[in-house]
Amino acid sequence: MTEARKHHYVPQMYLSGFANSNGQLWASDASIPKTFAVGPTNIAAERDWNQIDINGVPKDALEKELGKLEGLIAPGIKRVRETASFGTNDEDREDVINLVTLLAVRNPRVREGIQRLETDLLRAMLVAPFEDPKRWEAVVKQMKEMGQWPEGQSTDFEGFKKYVEENKDKLYAHKNLTLEMEIAALEKMYPVFDERRWRILKAKEGTGGFVTTDHPVCVHKPEAPVNYGQLYAPGFGLADRDILFPLSPLVCLIGRQEGEEDVIEVDLHTVASANATVMGFALKQIYSVDDQFYYTRSPHVPIGRGFALLRDPHFLPREA
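Bear in mind the structure is a predicted one, so any value in this text is a computation, not a measurement.

Undergrad: Could you clarify how one ought to interpret the pairing of strand β3 (residues 34–38) in this entry?
TA: When a strand is regular, its side chains alternate between the sheet's two faces. As defined by bridge partners, strand β2 (residues 25–29) adjoins β3 across five bridges and the pair is classed as antiparallel. Residue pairing for β3: tryptophan 26 is matched across the bridge by alanine 37. Between β2 and the antiparallel strand that follows it, β3, lie four residues.

Pasting the structure below:
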């Protein structure tokens, strides 16, 4: 069986909710810059994104397990999109929270931060014994007692210290460790999102609809008029922040610490404001059903339109 190599960090199941009748999305890429029509298969993906390296285990095993999870929650996500509700007795709410958690935890921006932290810790552990010759002697003694020091190997402090200093920048945390931390974080983060009260925003006709991006779970400070251009989320657990999550051109969720879990119809200004926040968290690509969407900009600046996005000076990639 062919091993899956193209792995989506934003599920195709989610992206398809923003596709038109031909199954394509309108993508705006700030790194090119360019706009183009594209299917969910060819965006928000990286080669071997979920690949693991464990003896006897297929390298795409995690990718396949995540695919099963996405398949389980897909029907509920579809119903919420179609009905703008969590269903009878909130039967589809759990599926939405699972999707929010998955997208908030497993994305390139968070992964880069985890890998940087892990690598910094490993390098710090590597150089720590060379801060003091006595510490180095204690490490060598312990390794000899455990039978882990090669017979006849030199214990020269200065020699090993020089070697470590010259080569420490070549040391990186193994990807398996990062994937393990991501999976563990899913369980820890689910309650953070589940405890919020999720209001469903339903876009009125003529509003241009909601957009999404390659980083669709976003944080917004309610008092801030516009969050467009925001680089990083200040924290999903902060009480004074809202979490915005577009689910389709018609439906967007807003999670708050307090409030009602109800459904409200929203006008063009509210949709445009939500789009501005969502667009501000994009890595480099924005996805919409077409180029007719609206988004608010800085105060006293005319509202933006999708078809003119390439001319907007704020349309820049957030990551290299």
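Undergrad: Sorry if this is basic, but what is going on with the environment of arginine 79 here?
TA: Summarising the element assignment, arginine 79 is placed in helix α2 (residues 61–83). The exposure class assigned to arginine 79 is partly exposed, which follows from its relative accessible area of 37%. Sequence spacing of arginine 79 and leucine 186 is 107 residues, and the spatial spacing of their C-alpha atoms is 23 Å. The residues touching arginine 79, leaving out its near neighbours within four places in the chain, are Ala84 and Asp92.

Undergrad: In this structure, what is going on with the side chain of aspartate 214? I would like to understand it.
TA: Turning to its location among the elements, aspartate 214 is positioned in the loop between β6 (212–213) and β7 (218–220). Buried and unpaired, aspartate 214 has no salt bridge, with lysine 284 as the nearest side chain of opposite charge at 6.5 Å. Looking at aspartate 214, its side chain comes within polar contact range of the main-chain nitrogen of glutamine 285, at 3.0 Å. Discounting chain neighbours no more than four positions away, the residues touching aspartate 214 are Tyr9, Val10, Ala282, Leu283, Lys284, Gln285 and Tyr287.

Undergrad: Honestly, the environment of glutamine 115 in this entry has me stumped. Any pointers?
TA: On the secondary structure map, glutamine 115 appears in helix α4 (residues 108–127). With a relative accessible area of 29%, glutamine 115 lands in the partly exposed category.

Undergrad: Would you take a moment to explain unusual backbone geometry for this structure?
TA: If a residue is not glycine, its phi is most likely negative; likewise, a peptide bond is most likely trans. For the bond running from isoleucine 32 to proline 33, omega is -20°, close enough to zero to count as cis. Backbone geometry places alanine 84, a non-glycine residue, at a positive phi of 55°. Classification of alanine 84 as buried rests on a relative accessible area of 4%. Positioned with a positive phi, aspartate 90 is a non-glycine residue whose angle comes to about 55°. Residue aspartate 90 is classed as partly exposed on the basis of its relative accessible area, which comes to 40%.

Undergrad: Would you mind showing me how to read α2 here?
TA: With 23 residues, α2 should cover 33 Å at 1.5 Å per step; its first-to-last C-alpha distance of 34 Å lies within 8% of that length. At isoleucine 73, α2 shows its maximal bend, which comes to roughly 40°, and the proline proline 75 appears one to four places after that position. Summarising the contacts, the buried residues of α2 are in contact with β1 (6–8), α1 (12–15), α3 (93–105), α7 (175–194) and β9 (251–256). At the exit of α2 stands alanine 84, carrying a positive phi of roughly 55°.

Undergrad: Before we go on, may I ask you to explain the packing of aromatic side chains in this structure?
TA: For any two aromatic rings, the description comes down to two numbers: the centre-to-centre distance and the angle of the planes. Counted under the stated rule, the structure contains 10 aromatic pairs. With centroids separated by 5.4 Å and ring planes inclined at 55°, the aromatic side chains of tyrosine 9 and tryptophan 49 adopt a geometry described as tilted. Taken together, the positions of tyrosine 9 in the loop between β1 and α1 and tryptophan 49 in the loop between β4 (45–47) and α2 put the pair 40 residues apart, joining distant regions of the chain. Neither tyrosine 9 nor tryptophan 49 differs from the other in exposure class; each is buried. Among the aromatic side chains, those forming a connected cluster through ring pairs are Phe130, Trp136, Trp149, Phe157 and Phe160. Sitting over the face of the ring of tyrosine 172, arginine 123 holds its NZ or CZ atom 4.8 Å from the ring centroid.

Undergrad: Would you explain the nonpolar core in this entry?
TA: One broad rule of soluble globular proteins: the nonpolar side chains tend to lie buried together. The biggest cluster of nonpolar side chains holds 49 residues, and the ones touching the most others in it are Tyr14, Leu99 and Phe245. Per-element accounting of this core gives the leading share, six residues, to α3. Discounting chain neighbours no more than four positions away, the residues touching tyrosine 14 are Arg81, Leu99, Leu103, Thr212, Pro216, Phe245, Pro246 and Leu247. Core analysis: the next-biggest nonpolar cluster, separate from the first, contains nine residues, Val211, Ala282, Tyr295 and Leu309 among them.

Undergrad: Please explain the pattern of salt bridges as it appears in this structure.
TA: Note that side chains of opposite charge can pair when their charged atoms are close. On inspection of all chains with the given rule, the structure shows 16 salt bridges. Measuring nitrogen to oxygen at the nearest pair gives 2.8 Å for the salt bridge that ties arginine 111 to glutamate 182. Taken as a pair, arginine 111 in helix α4 and glutamate 182 in helix α7 lie far apart in primary sequence, 71 residues in all. Given the relative accessible area of 4%, arginine 111 is considered buried. When salt bridges that share partners are traced, they join Arg93, Asp194 and Glu261 into one network.

Conventions used here
- Residues numbered from 1 in each chain as written.
- Predicted model: local features only at pLDDT ≥ 70, side-chain atom pairs only at ≥ 80, totals over all residues.
- Heavy atoms only, no water.
- Pairing = 2+ DSSP bridges.
- Helix = DSSP H or I, 4+ residues; strand = E, 2+ residues; numbered from the N terminus.
- Buried < 20%, exposed > 50% of the residue type's maximum accessible area, 1.4 Å probe, protein only.
- Contact = heavy atoms within 4.5 Å.
- Lys, Arg positive; Asp, Glu negative; His and termini not counted.
- Salt bridge = Lys/Arg side-chain N within 4 Å of Asp/Glu carboxyl O.
- Polar contact = N/O pair within 3.5 Å; in protein donor to acceptor, adjacent residues only side chain to side chain.
- Expected span 1.5 Å × (residues − 1).
- Bend = angle between axes of the 7 residues up to and from the residue.
- Phe/Tyr/Trp six-rings, centres within 6.5 Å; stacked < 30°, edge-to-face > 60°.
- Lys NZ or Arg CZ within 6 Å of the ring centre and 35° of its normal.
- Core = buried A, V, L, I, M, F, W, Y, C linked by side-chain atoms within 4.5 Å.

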